[in-house]
Amino acid sequence: MITRVMFDRILTGTVLISFVYLLLFYTNTYIFYSILSLLFVYAFYEWLSMTDITNIKKMLYLLILALCMFSLYIYITPVLLIFILYLSLVFWIIIIILLKNYKLLLNVMSRNYLSIGLFIFLTSWLCVISLNNLDNKLYFELSLSSDNLDSVTVYHFLFIIILISLSDISGYLIGKKFGKTKLIEKISPNKTIEGFIASIFVPTAIFYVYFIIILSYPFFILDLIFMILCCIFCTVGDLAVSSYKRAFSVKDSGNFLPGHGGLLDRLDSYLPTVFIYKFWMFL
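To start, this report covers the structure provided alongside it. (Residues numbered from 1 in each chain as written. Predicted model: local features only at pLDDT ≥ 70, side-chain atom pairs only at ≥ 80, totals over all residues. Heavy atoms only, no water.)

## Observations regarding the overall build of the protein
At step 1: Along the backbone of the protein there are twelve helices and zero strands.
At step 2: Beginning at the N terminus, the succession of helices and strands in the protein can be written as α-α-α-α-α-α-α-α-α-α-α-α.
At step 3: Among the 283 residues that make up the protein, the fraction classed as buried is 44%.
At step 4: Relative to all contacts within the protein whose residues are 6 or more apart in sequence, the contacts with residues 24 or more apart total 77%. (Helix = DSSP H or I, 4+ residues; strand = E, 2+ residues; numbered from the N terminus. Buried < 20%, exposed > 50% of the residue type's maximum accessible area, 1.4 Å probe, protein only. Contact = heavy atoms within 4.5 Å.)

## Overview of the environment of cysteine 68
At step 1: Looking at the secondary structure, you find cysteine 68 in helix α3 (residues 55-75).
At step 2: Through-space distance from the C-alpha of cysteine 68 to that of leucine 118 is 9.1 Å; in sequence the pair is 50 residues apart.

## Notes on the packing of aromatic side chains
At step 1: By the definition in use, this model includes 22 aromatic pairs.
At step 2: Centroid distance tyrosine 42 to tyrosine 45: 5.7 Å. Interplanar angle 35°. Geometry classified as tilted. Residue tyrosine 42 and its partner tyrosine 45 are both found in helix α2 (residues 29-49); the two are separated by three residues, about one turn of the helix.
At step 3: Judged by its relative accessible area of 29%, tyrosine 42 is partly exposed.
At step 4: Here tyrosine 45 falls in the partly exposed class, since its relative accessible area comes to 30%.
At step 5: Three or more aromatic residues joined by ring pairs make a cluster, and in this case those are Tyr155, Phe159, Phe207, Tyr210, Phe211, Phe226, Tyr277 and Trp280. (Phe/Tyr/Trp six-rings, centres within 6.5 Å; stacked < 30°, edge-to-face > 60°.)

## Section: the packing of helix α4 (residues 78-98) against helix α12 (residues 270-282)
At step 1: Two numbers describe how α4 lies on α12: the axes approach to 10 Å, and their chain directions differ by 130°. Judged by the inter-axis angle, α4 sits oblique to α12. The handedness of the crossing between α4 and α12 is left-handed. Counted together, Leu85, Tyr86, Ser88, Leu89 and Trp92 of α4 and Leu271, Pro272, Phe275, Ile276, Lys278 and Phe279 of α12 form the full contact between these two elements.
At step 2: The residue makeup of the contact of α4 with α12, split by class, is nine nonpolar, one polar and one charged. (Axes fitted to C-alpha atoms, helices over the stretch in contact; angles between N-to-C directions. Parallel < 35°, antiparallel > 145°, perpendicular 65-115°, else oblique. Left-handed = near helix turned anticlockwise from the far one by under 90°. Nonpolar A, V, L, I, M, F, W, Y, C, P; charged D, E, K, R; others polar.)

Written out as structure tokens, the structure reads:
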């Protein structure tokens, strides 16, 4: 028997898949990146909504994020972009280190929610809108282009969406069925080491078979390492947002997606993973 929650999850999942399909194949470049930008702004709104700040401050901080995004849109250069990518990688490595110290991580999250949030969403947004490009020409062409996304850009977005989805789903299913050993119980009591291993092994194995056997594509050791890292950082993003929610005693980031929670609850795995993917493909 399908429960109401399960029905909502299936329905929302179907709508999300349809929405992503329409975005990738039936919108022009400007609309696509504009919608992505709005989604990041809304995710930051959910981030702020988990705190007890006033609505006026929320609007002010959202405006700050929007102004920063606009400034980077206009003034970004390849050198600055690469610097931000490396800086973001250092940030996420620090998060991994802090995951071992539960109390310290929650303290850092609660005391620095604004600066951390601005950094995460601004840098992740920048990485996403430049996913297939290291050339600042992209940012000037977006507002003028009425063309659909090129096939290479669509490929990159589809690949990372499928990879992260496979990692999340396999980790959830295997962890729920066979998981016994908790990963970091104080942050995410439902995550297990068995599920974590599955979230790495299953998508890696599927794509390895896909590239080697079906496409006869050369798949090198470095590619395998980066794919594993992408899967690992899916969980890192999830744990980072979970720790933030625990810092403010919140279960879900919102109710934007019925059956799934807030937009941030679905976006969390992407926040650090896009950087690893960027390094894999372009640096």
